[in-house]
Amino acid sequence: MRTNIILRLLLVGFFLYIAWPMIPQSTSSLEFLFWGCWLLFAFVFIGANLATLLKMSRPPVMEQEGINKKKLRSH
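Since this is a predicted model, take the numbers as computed values, not measurements. (Residues numbered from 1 in each chain as written. Predicted model: local features only at pLDDT ≥ 70, side-chain atom pairs only at ≥ 80, totals over all residues. Heavy atoms only, no water.)

**Structural notes on helix H1 (residues 2-19)**
Link 1 in the chain: With 18 residues, H1 extends 26 Å from end C-alpha to end C-alpha; this agrees with the ideal 26 Å at 1.5 Å per step.
Link 2 in the chain: For H1, the full list of buried residues reads Ile5, Leu9, Val12, Leu16 and Ala19. Within H1, the buried residues cover an arc of 95 degrees as seen down the axis, which keeps them to one side. For H1, the exposed residues set more than 90 degrees away from the buried face come down to Thr3, Leu7, Leu10 and Tyr17.
Link 3 in the chain: On its buried side, H1 packs onto helix H2 (29-53). (Helix = DSSP H or I, 4+ residues; strand = E, 2+ residues; numbered from the N terminus. Expected span 1.5 Å × (residues − 1). Buried < 20%, exposed > 50% of the residue type's maximum accessible area, 1.4 Å probe, protein only. Arc of directions from axis to C-beta. Contact = heavy atoms within 4.5 Å.)

Below is the structure:
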């Protein structure tokens, strides 16, 4: 589970690295709106994954089921 979160954070970091040079080149208000929404989504995505990585929130339901099965097997 921890590996998936780190891979997601690296992927969004890579997307930001690729997109960052294109942001200052936007000229119209529609382009500014697109980049604003895109950056907002990226930062929300980063925050959600960091919260899960730091165990501030519960993991997704599919990953919770795997954790519950492991607990049942160990008892």
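**So, the UniProt feature "transmembrane region" (unreviewed entry) in the chain**
Link 1 in the chain: The residues that UniProt annotates with the feature "transmembrane region" (unreviewed entry) are residues 5-20 and 32-54.
Link 2 in the chain: Structurally, residues 5-20 comprises 94% helix and 0% strand, and the distance from its first C-alpha atom to its last is 22 Å. (UniProt positions renumbered as here; feature names shortened; annotations may be inferred.)

**Digging into the nonpolar core**
Link 1 in the chain: Listed in full, the 7 residues of the largest apolar core are Val12, Leu16, Ala19, Ile23, Trp35, Leu39 and Ala42.
Link 2 in the chain: Of all the secondary structure elements, the ones that give two or more residues to this core are H1 and H2.
Link 3 in the chain: Contact partners of tryptophan 35, with chain neighbours within four places excluded, come to Ala19, Met22, Ile23 and Ser26. (Core = buried A, V, L, I, M, F, W, Y, C linked by side-chain atoms within 4.5 Å.)

**Notes on the side chain of asparagine 49**
Link 1 in the chain: Of note, asparagine 49 is situated in helix H2.
Link 2 in the chain: A polar atom in the side chain of asparagine 49 sits 3.0 Å from the backbone oxygen of phenylalanine 45.
Link 3 in the chain: Ignoring any residue separated from it by four or fewer positions in sequence, one finds asparagine 49 in contact with Ile5, Arg8 and Leu9. (Polar contact = N/O pair within 3.5 Å; in protein donor to acceptor, adjacent residues only side chain to side chain.)

**A look at H2**
Link 1 in the chain: The end-to-end C-alpha distance of H2 is 36 Å, a good match for the 36 Å that 25 residues give at a rise of 1.5 Å each.
Link 2 in the chain: Among the residues making up H2, those that are buried are Trp35, Leu39, Ala42, Asn49, Ala51, Thr52 and Leu53.
Link 3 in the chain: If you follow the buried residues of H2, they end up packed against H1.
Link 4 in the chain: One or two steps after H2, the chain reaches lysine 55, where phi turns positive at roughly 60 degrees.

**Looking at the packing of aromatic side chains**
Here the distance between the centres and the angle between the planes together describe a pair of aromatic rings.
Link 1 in the chain: In this structure the tally under the stated criterion is 4 aromatic pairs.
Link 2 in the chain: When the centroid spacing of 6.2 Å and the interplanar angle of 45 degrees are considered together, the rings of phenylalanine 14 and phenylalanine 15 count as tilted.
Link 3 in the chain: According to the relative accessible area criterion, phenylalanine 15 is partly exposed, its value standing at 41%. (Phe/Tyr/Trp six-rings, centres within 6.5 Å; stacked < 30°, edge-to-face > 60°.)

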